Amino acid sequence: MIVELHDIITNLEKLKEIAHYECEITVHRRDSEGNFLEKTISSNDLVPGDVIVVPEGIKMPCDAILLSGQSIVNESMLTGESIPVIKISLNHE
């Protein structure tokens, strides 16, 4: 029981750290003509609808939907699950 409480407190502290984590991220945003433009911005400037490029090994301080490919994600700080989870892209049909 004491070990579980320690793990919960440790995970909460890590979650607080990542909530303030900032990094440079590549986004594809539409211009006024509807074309996608690629640019690098701070993760603090992400807005709903941004399409982001996820490089290997990045920490992402945001929720996201995988549009293509697949990924292995460590969600232990959020769920407490110690085993990484495989994520697959949405069906575009």
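Predicted model, so just to flag it, every value in this text is computed and none were measured. (Residues numbered from 1 in each chain as written. Predicted model: local features only at pLDDT ≥ 70, side-chain atom pairs only at ≥ 80, totals over all residues. Heavy atoms only, no water.)

Some points on the overall build of the protein
Here is step 1 of the chain: Looking only at helices and strands, one finds two helices and five strands in the protein.
Here is step 2 of the chain: Mapped from its N terminus to its C terminus, the protein presents α and β elements in the order α-β-β-β-β-α-β.
Here is step 3 of the chain: The C-alpha atoms of the protein give 16 Å as radius of gyration, which overshoots the globular expectation for 93 residues (12 Å, by more than 25%).
Here is step 4 of the chain: Among the 93 residues that make up the protein, the fraction classed as buried is 9%.
Here is step 5 of the chain: Restricting to contacts in the protein with at least 6 residues of sequence separation, those with at least 24 account for 25%.
Here is step 6 of the chain: Entry remark: accessible area of the protein is about 7,800 Å², with carbon and sulfur atoms responsible for 55%. (Helix = DSSP H or I, 4+ residues; strand = E, 2+ residues; numbered from the N terminus. Rg over C-alpha atoms; globule rule 2.2 N^0.38 Å. Buried < 20%, exposed > 50% of the residue type's maximum accessible area, 1.4 Å probe, protein only. Contact = heavy atoms within 4.5 Å. Areas by Shrake-Rupley, 256 points an atom, 1.4 Å probe, with all protein chains shown as cover.)

Regarding the confidence of the model for the protein
Here is step 1 of the chain: Within the protein, residue pLDDT values average 82, and 94% of them lie at 70 or more.
Here is step 2 of the chain: Across the protein, the secondary-structure element scoring lowest on mean pLDDT is helix 2 (residues 76-79), at 72, and the one scoring highest is strand 2 (residues 36-42), at 91. (pLDDT = per-residue confidence, 0-100.)

Details of the sheet that holds strand 3 (residues 51-53)
Here is step 1 of the chain: In space, the three strands of this open sheet follow the order 2-1-3, with antiparallel pairing throughout. Each having just a single partner strand, strand 2 and strand 3 make up the two edges of the open sheet. Direction aside, the axes of adjacent strands within the sheet are offset by 35° on average.
Here is step 2 of the chain: Direction of pairing for strand 1 (residues 24-30) relative to strand 3: antiparallel, over a ladder of three bridges. The partner of Val 27 across the bridge, within strand 3, is Ile 52. (Pairing = 2+ DSSP bridges. Axes fitted to C-alpha atoms, helices over the stretch in contact; angles between N-to-C directions.)

A short note on a nonpolar patch on the surface
Here is step 1 of the chain: Judged by side-chain polarity, Ile 8, Leu 12, Leu 15 and Leu 78 come together as a nonpolar surface patch covering roughly 380 Å² of accessible area.
Here is step 2 of the chain: Looking at which element gives the most residues to the nonpolar patch, the answer is helix 1 (residues 2-19), with three residues.
Here is step 3 of the chain: Among the secondary structure elements, Leu 15 is positioned in helix 1. (Patch = residues over 30% accessible without salt bridge, like charges linked within 9 Å, V, L, I, M, F, W, Y side chains within 5 Å. Salt bridge = Lys/Arg side-chain N within 4 Å of Asp/Glu carboxyl O.)

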